[in-house]
Amino acid sequence: MKRLSPEALDRGEHEFGPQAPVGIVHLGIGAFHRAHQAVYTQLAAAPGEWGICGVTQRSATVAEQLRPQQGLYSVLERGPQGVRLDVIDVVRDVVDGSSEPERLTERLAQEQVQVVTLTITEKGYRPGPGGALDRLITGLAARRAAGGAPLTVLSCDNLNGNGEVLRELVLEHSPAPLAAWVADHVRFPCSMVDRIVPATTAADRAEAAERLGLLDEALVVAEPFRQWVIQDDFAAARPAWEKAGAELVADVAPYERRKLRVLNGAHSLLAYLGALAGHTTIAQAASDDALAAAAWRLIEEDVAPTLAPDGLEVLEYGRTVLQRFGNPALPHRTVQVAMDGSLKLGPRLLGTIRDARAAGRLPQAAILGVAAWMAYVEATTHSTGLPLDDPHADVLSSAVTAAPDSAAGLVEALLGVDEVFAPDLRDDGELRAALVEQVQVARSWRRKG
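On a predicted model such as this, the values are computed, not experimentally measured, just so you know. (Residues numbered from 1 in each chain as written. Predicted model: local features only at pLDDT ≥ 70, side-chain atom pairs only at ≥ 80, totals over all residues. Heavy atoms only, no water.)

Undergrad: Run through the overall build of the chain, naming residues and quoting values.
TA: Scanning the chain from terminus to terminus reveals 19 helices and 12 strands. The C-alpha radius of gyration computed for the chain amounts to 22 Å, which stays within 12% of the reference 22 Å derived for 449 residues, consistent with globular compactness. Oriented by its inertia axes, the alpha-carbon framework of the chain measures out at about 60 × 55 × 40 Å. Counting over 449 residues, the chain shows a buried share of 57%. Within the chain, contacts between residues at least 6 apart in sequence are counted, and of these 78% link residues at least 24 apart. Within the chain, the 58 negative side-chain charges are centred at a point lying 2 Å from the centre of the 43 positive side-chain charges. (Helix = DSSP H or I, 4+ residues; strand = E, 2+ residues; numbered from the N terminus. Rg over C-alpha atoms; globule rule 2.2 N^0.38 Å. Buried < 20%, exposed > 50% of the residue type's maximum accessible area, 1.4 Å probe, protein only. Contact = heavy atoms within 4.5 Å. Lys, Arg positive; Asp, Glu negative; His and termini not counted. Charge placed at Lys NZ, Arg CZ, Asp CG, Glu CD.)

Structure follows, in structure tokens:
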């Protein structure tokens, strides 16, 4: 079967306008970006208006998938109402960030590039040579040297105040003259993104090939739902993303907190308990009555009270989230959602716990979520076949290995990991006791699996 490409594609069914010049550089062109921001850009931009240069971060795989297809790829959308396939053509260039850093620097210096977007995951914000932050700062320095055209850098990662976090990191790690220029010429709006994008399987590629009549090695799979809330603070031009349904607002924080604590918090709880119970996918976990009840308790009893000051509706949003999780057409693997837990606990569960404790409450379902992570780390350490894909995996496994074989010992060991827990939680005696009880509950799920 022929590979997807502009020449092979049936133009009678797929009409595209003239090739757009690159106006956006995206760091982290994985599946999520291709199913989310790139889709918004294609739907919002006039033909020939906005092209994207996608940059790989750690692996050349996506570059190898997209280059033979001249940037074309398809999105296989799976929902309860059926399946649809759309071809996306806004990716005009792909840079392998590891082997072609100079090409990235050149792109970031170009005046026609007016927006940089990022989906580099939580661990991508750690400073270090060759990391996304280092590459961004190098590109900003080149841009300043080339004339200093204004630029917007838009984080799309699951971090509280993601734009503010990125701005502070760039300023902190830039030489003083560059930091001064960045402060005056670069904007870092916050944003909140939402779409479930599971890992693409061989079966997905086979189905797409049958529908398209061409082999698409860069295929991504997604649910029908998508959401993008963006702080309206841009230094230069941007695509009219609102035409594709994006919401431009003055303050993203309430939307961000709701998504992180409701959707991402429940996602993590279902992933850890589901994996322990032997569920392969989130849909299976969400269809388990006991697990679904635990996720709903998290939303209704623990999260909703902490979000009341924001003024956004929470419970109906939560019901929609759990319905989305139960979509059987979307096999999102529990172990995929479980990865990088040491970085995700903070925004997804610990913020809820802190706010509840400040109000004098013990949020048992949120505590169960943290306890489930602890039991999951314990299970991976003792070789149950579950993976521990985490930037602090060695520290976590060492802590578990050295811990006494008891719930209290496990809690003591993992609460002592400074990379995850701060003293305010570590020194909370009531919280510690509740964690011990909930670890026993989480361990019981492991025995059920």
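Having seen it, we continue.
Undergrad: Account for the packing of helix α5 (residues 132–145) against helix α7 (residues 176–185), naming residues and giving values.
TA: One way to put it is that α5 packs onto α7 with a least axis distance of 10 Å and a crossing angle of 80°. Taken as axis vectors, α5 and α7 run roughly perpendicular relative to one another. Across the interface between the two elements, I137, L140, A141, R143 and R144 of α5 pack against P177, L178, W181 and V182 of α7. Class assignment for the residues of the contact of α5 with α7 results in 7 nonpolar, no polar and 2 charged. (Axes fitted to C-alpha atoms, helices over the stretch in contact; angles between N-to-C directions. Parallel < 35°, antiparallel > 145°, perpendicular 65-115°, else oblique. Nonpolar A, V, L, I, M, F, W, Y, C, P; charged D, E, K, R; others polar.)

Undergrad: Explain the state of the cysteines residue by residue, including any values.
TA: Following the criterion strictly, the structure yields 0 disulfides and no others. Unpaired in terms of disulfides, C156 finds its nearest cysteine sulfur in C190, a separation of 11 Å. Given the relative accessible area of 7%, C190 is considered buried. (Disulfide = S-S within 2.5 Å.)

Undergrad: Describe in detail the nonpolar core, supporting the description with residues and values.
TA: Ranked by size, the top nonpolar core spans 82 residues in total, and within it F325, V370, W373, M374, L414, F421 and L435 carry the most contacts. Looking at this core element by element, the count peaks at 13 residues for helix α15 (residues 364–381). Once you skip the residues sitting within four places of it in the chain, W373 turns out to touch Y272, G341, S342, L345, L396, L414, V420 and F421. I52, V91, F234 and A244 belong to the second-largest nonpolar core, a separate cluster that totals 33 residues. (Core = buried A, V, L, I, M, F, W, Y, C linked by side-chain atoms within 4.5 Å.)

Undergrad: Describe the environment of I299, naming the residues involved and giving the relevant values.
TA: Within the fold, I299 resides in helix α11 (residues 289–307). On a C-alpha basis, the gap between I299 and R319 in space is 9.0 Å, while along the polypeptide they are 20 residues apart. Non-local contacts of I299, meaning those with residues more than four positions away in its chain, are made with V262, A266, A304, V314, L315, G318 and L322.

Undergrad: Requested: an account of the packing of aromatic side chains, with residues and values cited.
TA: Across all of its chains, the model carries 5 aromatic pairs by this definition. For the pair W228 and W241, a centre-to-centre distance of 4.7 Å together with 45° between the ring planes defines the contact as tilted. With W228 in strand β11 (residues 227–231) and W241 in the loop between β11 and β12 (247–249), this residue pair connects regions lying 13 residues apart in the sequence. Assigned by exposure class, W228 and W241 land together as buried. Ring geometry for F234 versus W241: centroids 6.3 Å apart, planes at 50°, classification tilted. This pair shows no difference in class: F234 is buried, exactly as W241 is. Grouped by ring-pair contacts, the aromatic residues Y40, W228, F234 and W241 constitute a single cluster. (Phe/Tyr/Trp six-rings, centres within 6.5 Å; stacked < 30°, edge-to-face > 60°.)

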